[in-house]
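Coordinate analysis (summary)
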Amino acid sequence: MVKKVVEASQAIAEALKLCKPAVIAAYPITPQTHIVEHLSQMVADGDLKSEYIRVESEHSAMSACFGAACAGVRTFTATASQGLELMHEILHIVSGSRLPIVMAVANRAVSGPINIWNDWSDAMAARDCGWIQLYCETAQEALDTVIQAYKISENHEILLPTMVCIDGFYLSHTYEPVDVPDSLNGFLPDYDPVVSIDMKNPITQGSFGTPPHFQEFREQQYHAMNRAKRVIKQTNKEFAEKFGRSYGNGLIETYNIDKAKHIIISLGSICGTIKYLLEKDNIKDVGLVRIKSFRPFPEEELREILNEYESVGVLEKAVTLGIGGPVWSELRGLTSKPIADFIGGLGGRDITLDNIREVFDKIRSSDTGVHWLGSKLKGDYDD
Amino acid sequence: MNDEKEEKFNIGAHVYESSESNKTGSWRAFKPIVTDKCIGCGTCEKTCPDGTIKVNPKTKKAEIDYDYCKGCLICMNVCPVKAIEKEIEK
Ligand code: SF4
Ligand code: SF4
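In what follows, the accompanying structure is described. Note that this is a predicted model, so its numbers are computed, not measured. (Residues numbered from 1 in each chain as written. Chains lettered and ligands numbered in written order. Predicted model: local features only at pLDDT ≥ 70, side-chain atom pairs only at ≥ 80, totals over all residues. Heavy atoms only, no water.)

A few words now on empty space enclosed by the protein. Enumeration according to the criterion identifies two cavities of 30 Å³ or more in this entry. Approximately 100 Å³ is the volume attributed to the largest cavity. Around the largest cavity, the lining comprises 15 residues; the ones closest to its centre are C38, C41, C44, A62 and C79 of chain B. Residues belonging to the lining of the largest cavity are distributed by class as follows: 12 nonpolar, three polar and no charged. Taken as a whole, the second largest cavity spans an internal volume of roughly 60 Å³. Taken together, A69, S97, R98, L99, P100, L159, Y191, P193, V194 and V195 of chain A together with I11 and H14 of chain B make up the full set of residues lining the second largest cavity. (1 Å grid on protein atoms, 1.4 Å probe; cavity = no way out; pocket = protein on both sides within 12 Å on 5 of 7 lines; lining within 4 Å. Points joined across faces, edges and corners; volume = space filled by probe spheres on them. Nonpolar A, V, L, I, M, F, W, Y, C, P; charged D, E, K, R; others polar.)

Another point: the site of ligand 1. Around ligand 1 sit P32, C48, P49, T52, I53, C69, K70, G71, C72, L73 and C75 of chain B, and those are all the residues in its vicinity. By residue class, the composition of the shell around ligand 1 is eight nonpolar, two polar and one charged. (Near = heavy atom within 4 Å.)

A few words on the interface of chain A and chain B. Listed by partner, the interface residues are 21 residues for chain A and 14 residues for chain B. Overall, the association of chain A and chain B removes approximately 1,500 Å² of surface from exposure, summing both partners, and the carbon and sulfur fraction of that is 63%. Considering only the surface of chain A that becomes buried against chain B, T204, F217 and Q220 of chain A emerge as the three largest contributors, covering 34% of it. Between chain A and chain B we count zero salt bridges in total. There are seven residue pairs in polar contact (both at pLDDT 80 or more) connecting chain A and chain B. Within the side of chain A that touches chain B, the residues separate by chemical class into seven nonpolar, nine polar and five charged. (Contact = heavy atoms within 4.5 Å. Buried area = accessible area lost by both parts, 1.4 Å probe. Salt bridge = Lys/Arg side-chain N within 4 Å of Asp/Glu carboxyl O. Polar contact = N/O pair within 3.5 Å; in protein donor to acceptor, adjacent residues only side chain to side chain.)

Spelled out as structure tokens, the structure:
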């Protein structure tokens, strides 16, 4: 194992060097990140023997991955923001065809106004596309999660694609020390595809699902996504045995909750800031629950935890207009305790320590509203 | 995944047989017809999205498999010598 100081983009590329996808397809222009730049360099230098297809759009990138996965090989792509939007149509087709493609999403805002900075609007708008979504806190976790993602997705009980979500800029462009394993040490088996192209035995892929059949295919995906909870937890455990690192139980991670009375829930890299503040201010009455897996949603774990505490708050970098934050709106059904929503960090706005202190105070007061963190608007919205 | 119901619903809706059994010629609104002007250049064969027009190596003329040709008329449009005509499918 070598310790390298790299940005999460390179950490992900290092993971792919180990996972060896046969095909990488990517569109190289904004909002693309360094992930595919590092990969193309590796392929050019002969360090990675993948077929690298430079396509003309993200729609084509996902289509090329779809085709390659239909042919029976391991594939990878990366995107963010508008790029993910442009892929949207194919995201459903990939998951409906049960192809275990892995994609890194460097979470960024979706225009307009035009903005390429960090928030989760892109991936959360794609939450119903049938992809597993795993959100990472650090560059190390990004590397580890890509490796785990292939194992989870390619499990024949699952066969669903995975998005490995990293905060744009805060992770994608930020340098941290990362342990890069020399080998996967047997952790990830060779890809064993369920479908492939065999000229002697032609099959039909991308077929029709007429009204008497269509619904059952969705139902199968639903159950596979539920089974993924078990497989994600198991994979997290197996990873810890091989590499000595784990992330909570694979679905959620808790921090400082033992003596706490209140819980803050969030995802991704902002959880690092929250942990830092909890230590810096020596806060004992607030604990953190980090959701790593947004799809499948760790409903049982969260229900169990949330009901043990006096009040809860969600800090999230996305909004579902017409209701509140996407994480908050899903959590409300799981607990009878007061649960407040804090929407912040949209379009790359910094979430400061003072912002988080403010959030803690509101949670302590058993607030239940939707709040816009650090809002500069002052008005009566008549809503 | 072993009950009878699931047996029919292959994961990912993949069908473990060729789509040849599913004839699609009846979808046509227009029928392309190869005339004597054909010079066997193969342009149509390369562009047909369904692989249903092929140059016969013996006659050196393009032939259409009407069981699957959907009548999109791409072949007619790309033919350099305008050897393909169309008629309304009856
Ligand atoms: S009409 Fe379309 S489908 Fe039919 S042979 Fe010509 S190109 Fe092929
Ligand atoms: S493109 Fe025209 S000339 Fe060429 S093979 Fe087809 S029908 Fe014949």
